[in-house]
Protein chains: 2
Amino acid sequence: MLPNIPYTQYKRIVIIGAGFGGLALARELARRDDLQIVILDKNNYHQFQPLFYQVATAGLEPSSISFPLRKVFQSKKNVHIRVTEVTAIHTDRKSLDTSLGEITYDFLVIATGATTNYFGMKEIEERAIPMKSVSEALALRNRMLQNLEDALAVDTDDEREGLMSVVVVGGGPTGVELAGTLSEMRKYILPKDYPELDFSMMKIYLLEGLDKLLPVMSEQSSEKSREYLEKMGVTILTSQSVAGYDGRYVVTKQGMKIRTDNLVWAAGVKANVMNGINPDVLVKGGRIKVDEFNRVQGYSDIFAIGDVASMSEGKFQNGHPQLAQPAMQQGKALAKNIWRALDEKPPKPFVYNDLGSMATIGRNKAVVDLPFIKFQGFFAWLTWMFIHLISIVGVKNKILTFINWFWSYVTFDQSLRLILTPKVLPPGYVEDPEPEHAKAAGV
Amino acid sequence: MLPNIPYTQYKRIVIIGAGFGGLALARELARRDDLQIVILDKNNYHQFQPLFYQVATAGLEPSSISFPLRKVFQSKKNVHIRVTEVTAIHTDRKSLDTSLGEITYDFLVIATGATTNYFGMKEIEERAIPMKSVSEALALRNRMLQNLEDALAVDTDDEREGLMSVVVVGGGPTGVELAGTLSEMRKYILPKDYPELDFSMMKIYLLEGLDKLLPVMSEQSSEKSREYLEKMGVTILTSQSVAGYDGRYVVTKQGMKIRTDNLVWAAGVKANVMNGINPDVLVKGGRIKVDEFNRVQGYSDIFAIGDVASMSEGKFQNGHPQLAQPAMQQGKALAKNIWRALDEKPPKPFVYNDLGSMATIGRNKAVVDLPFIKFQGFFAWLTWMFIHLISIVGVKNKILTFINWFWSYVTFDQSLRLILTPKVLPPGYVEDPEPEHAKAAGV
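Here is what the cut-offs are and how they apply
Residues numbered from 1 in each chain as written. Chains lettered and ligands numbered in written order. Predicted model: local features only at pLDDT ≥ 70, side-chain atom pairs only at ≥ 80, totals over all residues. Heavy atoms only, no water. Helix = DSSP H or I, 4+ residues; strand = E, 2+ residues; numbered from the N terminus. Rg over C-alpha atoms; globule rule 2.2 N^0.38 Å. Buried < 20%, exposed > 50% of the residue type's maximum accessible area, 1.4 Å probe, protein only. Contact = heavy atoms within 4.5 Å. Areas by Shrake-Rupley, 256 points an atom, 1.4 Å probe, with all protein chains shown as cover. Lys, Arg positive; Asp, Glu negative; His and termini not counted. Charge placed at Lys NZ, Arg CZ, Asp CG, Glu CD. Buried area = accessible area lost by both parts, 1.4 Å probe. Nonpolar A, V, L, I, M, F, W, Y, C, P; charged D, E, K, R; others polar. UniProt positions renumbered as here; feature names shortened; annotations may be inferred. Pairing = 2+ DSSP bridges. Phe/Tyr/Trp six-rings, centres within 6.5 Å; stacked < 30°, edge-to-face > 60°. Lys NZ or Arg CZ within 6 Å of the ring centre and 35° of its normal.

Visitor: Let's hear about the overall build of chain A: which residues, and what values?
Guide: Regarding its fold elements, chain A presents 12 helices and 25 strands. Relative to its length of 443 residues, chain A is compact, with a C-alpha radius of gyration of 23 Å against a globular reference of 22 Å. The C-alpha extent of chain A, read off along each of the three principal axes, is 70 × 60 × 45 Å. Counting the 443 residues in chain A, one finds 59% classified as buried. By sequence separation, contacts in chain A at least 24 residues apart represent 65% of the contacts at least 6 residues apart. About 17,200 Å² of surface is accessible on chain A, with carbon and sulfur atoms providing 54% of the total. The distance from the centre of the 50 positive side-chain charges to the centre of the 49 negative ones in chain A is 6 Å.

Quick look at the structure:
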């Protein structure tokens, strides 16, 4: 295979990853056409990570929160998209190794984000369910629904309790939102679907290593979210770190032992860094140290943005929070600096504009920290919905998501409870078989 | 594992398969509660087969045309649903072997439908793409999109043409609708997504063994559909039977040879019959011979309905057409006969009420045969949409499908072009591993 990207008179900028940072950068850059833009991503779509938990809990379809990359750049002749995996960087000859062959660059932007961090615990990695992609969220949905089917058919209550119960590890927004939604499903939906099961056997645990939930948010939000979840019947265990999981029991370093077949791991992330980057520039969490212009230390033509990058700026001396906002803001700022470079103007340093953070816990329940005000409850919940709705890429996706939310709110139901996987297709004739091809066919 | 279905004072009726026939039967039966109803299906959802082709061509999400079975029967305490596969019937002791263990019945209804018939051609079975489930439709979508990605990266035009071209075998509604939609995607959507590809290389062939398309419909509809498709650039090859496919070339018995990596097989079906049924009652297409009360020959307590059943009635001496309508009507009629049996009344013979048939070819183009009138074009297309919309199970599904259709119509676009498969999850701890469990986890 060949990348088949033509050489033009213009500089080529290669962007690895089309998450919040990479997509914001590419959209901004594509407003000028005196630059060739190459976007490399493992998937042919952008995914809206803040709503993965709703995919996992049958509230939204993956397609409502994903957007085809080619559609974003349909009218742009200078944008080339390749669905491929980057395995290494050769900074000496300014090129990348990919599953489609070698691709050269004039400028390179690493926007590869972060992946689940199991902190070296192989046992957890093999058995826990991660939540860092829409595919993983869909797999979690399929697994939980299949477990309920299995719970109907097992012989003992111990097995039944194991299949029905869920342990969510990580008290950040994903963990809090997932635990909250699961508890609402347990209350409103599942007993109707499975009148033969006793849902008092379905335990929901939320484990967090620190002494509070939502540690990056305000004290007020942290306390309120705990109060909400406890009222909803979620068992919250703070200051508990998972030490092991044999597929039946989660054990913590503090000596607890909890029975579950479903361990969801939302406890930490590590940066996605490929081979060829000087290991000296990696800092805490595997992130790449960048300067205030998002330049990777020691290179003038390589940049990093978003979760994978760590910039010391203002009060963020150990890097910005690994969220959508810093990534998008860095993407936009870097686009402008690249334009400045093309126009032979000096770059401007990045300054993060903290717009606040929020998490939803359930019906009419959310917590919101804005720079000048913090609030919780129904109005916070409306704010959360509004902000997320306008942030989803695509008008139709916004409409479909709104209808799904409205419907679920009115009917107390989510009707996407299908255990559905694409059939494994025969691969057909492939001249030069690629792992991507097999993966796409559902193998 | 155990089926765990309680014995009650009431008769137990076991329905295998929740397609159009099985679902219609179960819904009707569930109106009385002096009967225990057990529904067995491989999936936890009912699927709306007439729109599979729209899932395959990225026009609809699987969830818009699938409906969770448990939701249909939420308030019915006497309905027991089990997601399982039936492997054999023991008519002597009135029981079934399933992947959950043995299940006994008082009455048994076989509503297992039909599956793809490759007419014994192993080579085709291994390499062609079937269209008989929503999973297969989704797999076809993933495959075609991935092939276009691969087409960007191959070295030769021969490989590119093979990856881009599609051969659809079977000139029934599925084949006609699929070929029509593909040709509209080729015209309106794909060139915008892939400006780097030359779509004159994407050939679309529709092969049919008989001398006309839509052989079960009127001469008028058959001719008009050919005219429409030819205008849309589909190469129609009638009186051509596929003899082989090596993954690169489709060859026909009549001596044609066509280059494609994508062979879609919608050429025929055979009934799904499990072990234990007396082979003497099987007739053409592997269907089970039933009397006018849908009773399987030689049994008073076993019935068959829909595609799997063959009843000689009126002008349908070799069984009714294998479509939704006969299945649904037989399901309803059988429910009433079972009530009559419970009330010790004699059964009534089934009479098929032919409501007509229809197929859509593209924007503003469809063919409709009603009992007293046949028409084609824009009004037929509106009729087709209306009938299909009201037939989809679930109000929200109707709304979402309508929005998707409206959106596609106005924007000339389908935005579901995601190559998305659930991640393979670790199976976790399973006391008694079942193939279903592994399948559900995406293995």
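Visitor: Let's hear about the interface of chain B and chain A: which residues, and what values?
Guide: Of the residues lining the interface, 82 residues belong to chain B; the matching set on chain A comes to 82 residues. In total, about 7,700 Å² of surface goes out of reach between chain B and chain A, with carbon and sulfur atoms giving 58% of it. A per-element tally of the side of chain B that touches chain A places helix H5 (residues 134–151) of chain B first, with 12 residues. Partitioning the side of chain B that touches chain A into residue classes produces 39 nonpolar, 17 polar and 26 charged.

Visitor: Tell me about the UniProt feature "domain: FAD/NAD(P)-binding" (unreviewed entry) in chain A, and please be specific about residues and values.
Guide: Residues annotated by UniProt as "domain: FAD/NAD(P)-binding" (unreviewed entry) correspond here to residues 12–331 of chain A. Helix makes up 30% of residues 12–331 of chain A and strand makes up 26%, while its end C-alpha atoms are separated by 17 Å.

Visitor: Residues and numbers for the sheet that holds strand S13 (residues 204–207) of chain A, please.
Guide: All names here are of chain A. Across the sheet, 5 strands lie side by side as S11-S18-S12-S13-S14; this open sheet has parallel pairing. A single partner strand is all that each edge strand has here, and the edge strands are strand S11 (129–130) and strand S14 (235–237). Direction of pairing for S11 relative to strand S18 (residues 262–265): parallel, over a ladder of 2 bridges. Looking at S18, one finds that Pro-130 is bridged to Trp-265.

Visitor: Quick rundown of the packing of aromatic side chains? Include the residues and the values.
Guide: Per the counting criterion, the structure on display carries 19 aromatic pairs over all chains. Arranged with centres 6.5 Å apart and planes meeting at 65°, the rings of A:Tyr53 and A:Trp384 form a pair that is edge-to-face. Separated by 331 residues along the polypeptide, A:Tyr53 in helix H2 (residues 52–56) and A:Trp384 in helix H10 (residues 378–391) bring together distant segments of the chain. Using a relative accessible area of 4% as the deciding quantity, one classes A:Tyr53 as buried. Its relative accessible area of 2% is what places A:Trp384 among the buried residues. Between B:Phe316 and B:Tyr352, the ring centres sit 5.3 Å apart and the planes meet at 70°, which makes this aromatic pair edge-to-face. With B:Phe316 in the loop between strand S22 (309–311) and helix H9 (324–342) and B:Tyr352 in the loop between H9 and strand S23 (357–362), this pair connects stretches of sequence that are 36 residues apart. We classify B:Phe316 as buried; its relative accessible area is 14%. Counting every residue linked through ring pairs, the aromatic cluster contains A:Tyr53, A:Trp384 and A:Trp405. Of note, B:Arg259 hangs over the ring of B:Tyr249, and the distance from its end group to the ring centre comes to 5.8 Å. The side chain of B:Arg363 reaches across the aromatic face of B:Tyr409, ending 4.2 Å from its centre.

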